[in-house]
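Residues per chain, in single letters:
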Amino acid sequence: MRISKIKKEKTGLGCNVEEEIREAHEEPTDPQAQQEIINSIEEVYFSNDSFDIVKYELERLPPVLSLQELEEYRDKLKQQQAAVSKKVADLILEKQPAYVEELERVTSLQSGLQLAAVICTNGRRHLNIAKEGFTQTSLGLLANQRKRQLLIGLLKSLRTIKTLQRTDVRLSEMLEEEDYPGAIQLCLECQKAASTFKHYSCISELNSKLQDTLEQIEEQLDVALSKICKNFDINHYTKVQQAYRLLGKTQTAMDQLHMHFTQAIHNTVFQVVLGYVELCAGNTDTKFQKLQYKDLCTHITSDSYIPCLADLCKALWEVMLSYYRTMQWHENHDQDEAAVVSSDGNNVIGTEESSFDRNYVKKKLEHGLSRIWQDVQLKVKTYLLGTDLSNFKYDDFIFVLDVISRLMQVGEEFCGSKSEVLQESIRKQSVNYFKTYHRTRLEELRMFLENETWELCPVKSSFSILQLHEFKFMEQSRSPSVSPSKQPASAVSATVTLFEQYCNGGNPFEIQADSKDDETEDVLASNGYESDEQEKSAYQEYDSDSDVPEELKRDYVDEQTGDAPIKSVSRDTLRSRKKSDYNLNKVNAPILTNTTLNVIRLVGKYMQMMNILKPIAFDVIHFMSQLFDYYLYAVYTFFGRNDMFESTGLGLSSSRLRTTLNRIQESLIDLEVSADPSGTLTAAEERKEKVPSPHLSHLVVLTSGNSLYGLAERVVATESLVFLAEQFEFLQPHLDAVMPAAKKPFLQQFYSQTVSTASELRKPVYWIVAAKAIDYEQMLLLMANVKWDVKEIMSQHNVYVDALLKEFEEFNRRLNDVSKRVRIPLPVSNILWEHCIRLANRTLVEGYANVKKCSNEGRALMQLDFQQFLMKLEKLTDIRPIPDKEFVETYIKAYYLTENDMECWIKEHREYSTKQLTNLVNICLGTYINKKARQKLLATIDDIDRPKR
């Protein structure tokens, strides 16, 4: 069909071509002219096949038609057509051979196609035969097998998908079991499997669900990590760390852990304080939960302050212990990991990453130590400063210091911190508390002193201040940073830290029963004696106790016995003692009063506080010195102040003692009866720091001669002061150890100028007794009646000597009586005898200076009288040499001096008064020298006396 069509087209085309060739031959054959005609054809005729020539030409016609122009234009178009036709005909003729050749090829192709059609027909016939016979069956089997394999693979995928769909149930079970590593491992495997089947539409939803589950696991893992902060469990923490390692978030876990510790500290302290505040408020106010922690602390009552502080520290200890155990876990884990890495050198990249993580964790944990301790300090500081502790009981405040001291020890062991924040806060509270406490104690001391009857408080001869509860801390030999109380007897070795000690249980802040409740002080002696045998021995040797008041027998009966008595003193020992040591019925037990014991206890309490809190050591020692100052000033005011005897010029009060007393009076004693309303605020503050001068109790009688003018009370007072000074001397090394270096000069000055002057107070106190115990005025009257201008040497001494010796014997008897009440130490008895003898000797010189007339025989009588006095006196006292013996002898011998010797003697002996020296000149030399020489000597005396005026 296609071949016949081609033939037809060829026939039609041939006719057209022939016509065109014929017309073309009629036209000129000039090629150049022909080409010019073709070139004159408009371009639009060569545009494309859809070009409408007729329409184009019609549209070009002018509005007014002209036949001639149209014919001319028509002829022109015909020429152009003829030229084109001729050109086409020429080209056809030129391609005629190729056309014939191609036509032959078409004919040949037609024959080949007809043959191929026959072959295909035969092939199809044979294939139909084979299909029906064998191939269709076999290929059906193969197709079914392939489909089976595909379905088996699909079944496996569906089962896997089904398992993935049920994974969330298993994940929930594992999370409940806190198997976080297993849950994360399972979730990651599921995600990996899901990525394999992501071409299924249901898997895309499952993958999103698994991602949400993984995030949920991370949230629960974070909650599990936060539980570590309050109660570290090694198995729990190991699981959490393994889980974070699977997630590849080890560093993130450490950052989160520190955030949880910080949050745990805040939540813990808030909940503890809130619990006590609500408990005290009786749950009537629910607004406390909305308060800030700082404001909440101000609502803590005084009764709940200490238990709340203890619970606060216990809770914070648990947090810090958890952090400590966390660090321990990482140290052990790092060592194990390092050992594994050293044994297996493969996977260098993984090892480097693991090492980087370990170093990061280690630095983060070390840095977190100081951060956590700083948070703890700030929380405790806020609590400490939230309540005014100035009105707390001493034991309660010591307990607060005890707890804070233990907390500071925890801080030092935790991160090596000196706890400056805690020290400053407790220092503020301590100074504030101690000022109030000390002021109250000074007022109590004044009350004790004004009610003190200066009776002996009988203690054992083995008494030591270390036996008092207040000084028990000194025997424990612990570091000052450790609490001074509640230390178990079997103290833990100093090398074991609190974290090591309480790592597996217990809490260093557990409130323990105070050991004081179970212990008793065994310091008081039964009725002043160590044993019945010793008491009997004492009374057999000396007088009976009939003169001892009954109240002394009844007081201070020791009902806490149990200790074996100390070795008793033998009778021979008592008998061999010197009479001047009036310890007739007492062993050498310390002489002190209840007030002395109270001051010593106060000193112990002050030292406890100072031992715990060294920053306030200076303030505490300063207040301790005021206790001693006030006691010394009171003893002096009660027993040593007497203007009449202070003006004797005998140097009874040393310049150091007078300086000390003046300093105490100016700095500590409030001499004003009432406050001056016009006074400045500064003056009022200064007066607030002072204490009124104490007044002696009206029960203490110092005017009775029978009691030697209160000698027993004076002995108890002065010797208790000396004992107190000895205790301060004993404590000096301890005070020096805690005193800041810049303040040590104060301590040294206190000891050199105040404590050491205690024994010097004996002289003015006992001088008053000596001045009143013997009637020196009566002796002067007796001496005035003696006739000294005798003409012959007398062999018999004068009556006044016997009278004076009787006075001394009476003094000795009364001294013995007093010693039955109070032991009179040897230094005291020596001072009393020295004062009495010194006053007697000076009275003798004064009596001799009153003589109007005196002969040489009279001078000899004076010597006889004095020698008789000395001989009898030496039997009454063991003091050697006799005080002021030379004072009398030198004065008597001066009667024999010549005029020239007298002048030199007067200049050398300025210890005599002007009256005594004048008497020597007038009476002794008056009969031997002229008036001019006497005037010269009197002028010399006047020159000596002038500077004294």
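Residues numbered from 1 in each chain as written. Predicted model: local features only at pLDDT ≥ 70, side-chain atom pairs only at ≥ 80, totals over all residues. Heavy atoms only, no water.

### Observations concerning the overall build of the protein chain
Next up, step 1: A count of helical and extended segments in the protein chain gives 35 helices and two strands.
Next up, step 2: Looking at the protein chain as a whole, 42% of its 949 residues are labelled buried.
Next up, step 3: The long-range share in the protein chain, meaning contacts at least 24 apart out of those at least 6 apart in sequence, stands at 81%.
Next up, step 4: With an accessible surface of roughly 52,000 Å², the protein chain has 52% of that area assigned to carbon and sulfur atoms. (Helix = DSSP H or I, 4+ residues; strand = E, 2+ residues; numbered from the N terminus. Buried < 20%, exposed > 50% of the residue type's maximum accessible area, 1.4 Å probe, protein only. Contact = heavy atoms within 4.5 Å. Areas by Shrake-Rupley, 256 points an atom, 1.4 Å probe, with all protein chains shown as cover.)

### Description of the confidence of the model for the protein chain
Next up, step 1: Per-residue pLDDT for the protein chain averages 78, and the proportion of residues at 70 or more is 78%.
Next up, step 2: Every residue in residues 513-518 is under pLDDT 50, and counting partners more than four places away or in other chains gives two contacts.
Next up, step 3: Within the model, the stretch residues 674-679 combines pLDDT values under 50 with two contacts to residues more than four positions away or in other chains. (pLDDT = per-residue confidence, 0-100.)

### Overview of the pattern of salt bridges
Next up, step 1: Inspection of every chain in the model, using the stated rule, returns 29 salt bridges.
Next up, step 2: A salt bridge links Arg813 to Glu810; its shortest N-O distance comes to 2.5 Å. Of this pair, Arg813 and Glu810 both sit in helix H29 (residues 799-821), separated by three residues, roughly a single helical turn.
Next up, step 3: By relative accessible area, Arg813 is classed as partly exposed at 40%. (Salt bridge = Lys/Arg side-chain N within 4 Å of Asp/Glu carboxyl O.)

### Describing the packing of aromatic side chains
Next up, step 1: Applying the stated criterion to the full structure yields 37 aromatic pairs.
Next up, step 2: With a centroid separation of 5.5 Å and 75° between ring planes, the pair formed by Phe750 and Tyr751 is classed as edge-to-face. In this pair, the class of Phe750 matches that of Tyr751, namely buried.
Next up, step 3: Relative to Trp833, the ring of Phe808 lies with its centre 5.9 Å away and its plane at 10°, an arrangement referred to as stacked. With Phe808 in helix H29 and Trp833 in helix H30 (residues 826-849), this residue pair connects regions lying 25 residues apart in the sequence. (Phe/Tyr/Trp six-rings, centres within 6.5 Å; stacked < 30°, edge-to-face > 60°.)

### So, the nonpolar core
Next up, step 1: Core analysis: the largest hydrophobic core is formed by 220 residues, its most contacted members being Phe808, Tyr848 and Phe869.
Next up, step 2: If we ignore the near neighbours within four places in the chain, the residues touching Tyr848 are Met783, Trp788, Tyr800, Met862, Asp865, Phe866, Val888, Tyr891, Ile892, Tyr895 and Asn919. (Core = buried A, V, L, I, M, F, W, Y, C linked by side-chain atoms within 4.5 Å.)

### Some words on the packing of helix H21 (residues 617-640) against helix H23 (residues 655-667)
Next up, step 1: For the pair H21 and H23, the least separation of the axes is 10 Å and the interaxial angle reads 110°. Taken together, the axis directions place H21 and H23 in an arrangement best described as roughly perpendicular. In this structure, H21 meets H23 at a crossing whose hand is left-handed. Across from Asp629, Leu632, Tyr633 and Tyr636 in H21, the residues of H23 making contact are Leu661, Arg663, Ile664 and Gln665.
Next up, step 2: In terms of residue class, the contact of H21 with H23 is built from five nonpolar, one polar and two charged. (Axes fitted to C-alpha atoms, helices over the stretch in contact; angles between N-to-C directions. Parallel < 35°, antiparallel > 145°, perpendicular 65-115°, else oblique. Left-handed = near helix turned anticlockwise from the far one by under 90°. Nonpolar A, V, L, I, M, F, W, Y, C, P; charged D, E, K, R; others polar.)

### Regarding the environment of Leu602
Next up, step 1: Along the polypeptide, Leu602 turns up in helix H20 (residues 594-612).
Next up, step 2: For Leu602, a relative accessible area of 4% puts it in the buried group.
Next up, step 3: Leu602 sits 25 residues away from Leu627 along the chain, and the two C-alpha atoms are 8.6 Å apart.

### Observations regarding the side chain of Ser390
Next up, step 1: On the secondary structure map, Ser390 appears in the loop between helix H12 (348-385) and helix H13 (394-415).
Next up, step 2: Residue Ser390 is classed as buried on the basis of its relative accessible area, which comes to 10%.
Next up, step 3: At 3.0 Å, the side chain of Ser390 forms a polar contact with the side chain of Asp388.
Next up, step 4: Apart from the residues within four sequence positions on either side, Ser390 is in contact with Asn432, Tyr433 and Thr436. (Polar contact = N/O pair within 3.5 Å; in protein donor to acceptor, adjacent residues only side chain to side chain.)

### Overview of a nonpolar patch on the surface
Next up, step 1: Taken together, Val54, Leu58, Leu61, Leu65 and Leu70 make up a surface patch of nonpolar side chains, about 450 Å² in accessible area.
Next up, step 2: By the element assignment, Val54 lies in helix H3 (residues 53-60).
Next up, step 3: Looking at Val54, the relative accessible area reads 57%, which means it is exposed. (Patch = residues over 30% accessible without salt bridge, like charges linked within 9 Å, V, L, I, M, F, W, Y side chains within 5 Å.)

### Quick notes on H21
Next up, step 1: Helix length check: H21 (24 residues) gives 33 Å between terminal C-alpha atoms against 34 Å at 1.5 Å per residue, within 8%.
Next up, step 2: Across the 24 residues of H21, 21 count as buried, placing the element largely inside the fold. (Expected span 1.5 Å × (residues − 1).)

### Thoughts on the environment of Ala894
Next up, step 1: With respect to the helices and strands, Ala894 occurs in the loop between helix H32 (885-893) and helix H33 (899-908).
Next up, step 2: The sequence separation of Ala894 and Trp905 amounts to eleven residues, and the corresponding C-alpha distance is 7.9 Å.
Next up, step 3: For Ala894, the residues in contact, after removing those within four places along its chain, are Met902, Trp905 and Leu920.

### Focus on the side chain of Thr660
Next up, step 1: Structurally, Thr660 can be placed in helix H23.
Next up, step 2: Classification of Thr660 by relative accessible area gives buried; the value is 3%.
Next up, step 3: When sequence neighbours within four positions are dropped, the list of residues in contact with Thr660 reads Gln753, Thr754 and Thr757.

### Comments concerning the environment of Leu876
Next up, step 1: Secondary-structure assignment places Leu876 in helix H31 (residues 856-876).
Next up, step 2: A relative accessible area of 18% means that Leu876 is categorised as buried.
Next up, step 3: For the pair formed by Leu876 and Trp833, sequence separation is 43 residues and the distance between their alpha carbons is 9.6 Å.
Next up, step 4: Leu876 has contacts with Leu805, Phe808, Glu809, Asn812 and Trp833, leaving out every residue within four places of it along the chain.

### A short note on unusual backbone geometry
Next up, step 1: Cis geometry is adopted by the peptide bond preceding Pro881, which originates at Arg880 and carries an omega value of -5°.
Next up, step 2: In this fold, Pro881 is placed in the loop between H31 and H32.
Next up, step 3: Notably, Tyr709 is not glycine yet its phi reads approximately 55°, a positive angle.
Next up, step 4: Inspection of the secondary structure puts Tyr709 in the loop between strand S2 (691-692) and helix H25 (711-738).
Next up, step 5: A relative accessible area of 15% places Tyr709 in the buried class.

### With respect to the packing of H13 against helix H14 (residues 420-451)
Next up, step 1: Running from N to C, H13 and H14 point in directions that differ by 165°, and their axes come no closer than 11 Å. For the element pair H13 / H14, the angle class is roughly antiparallel. In the packing of H13 onto H14, the handedness of the crossing is left-handed. Between H13 and H14, the contacting residues are Tyr394, Phe397, Val400, Leu401, Ile404, Leu407 and Met408 on the first element and Leu422, Gln423, Ile426, Gln429, Ser430, Tyr433 and Tyr437 on the second.
Next up, step 2: Across the contact of H13 with H14, the residue classes tally to eleven nonpolar, three polar and no charged.

### Structural notes on H23
Next up, step 1: Given a rise of 1.5 Å per residue, 13 residues ought to cover 18 Å, and the 18 Å separating the end C-alpha atoms of H23 matches this to within 8%.
Next up, step 2: Here H23 has its buried residues at Leu657, Thr660, Leu661 and Ile664. The arc enclosing the buried residues of H23, seen along the axis, measures out at 95°, which places them on a common side. (Arc of directions from axis to C-beta.)

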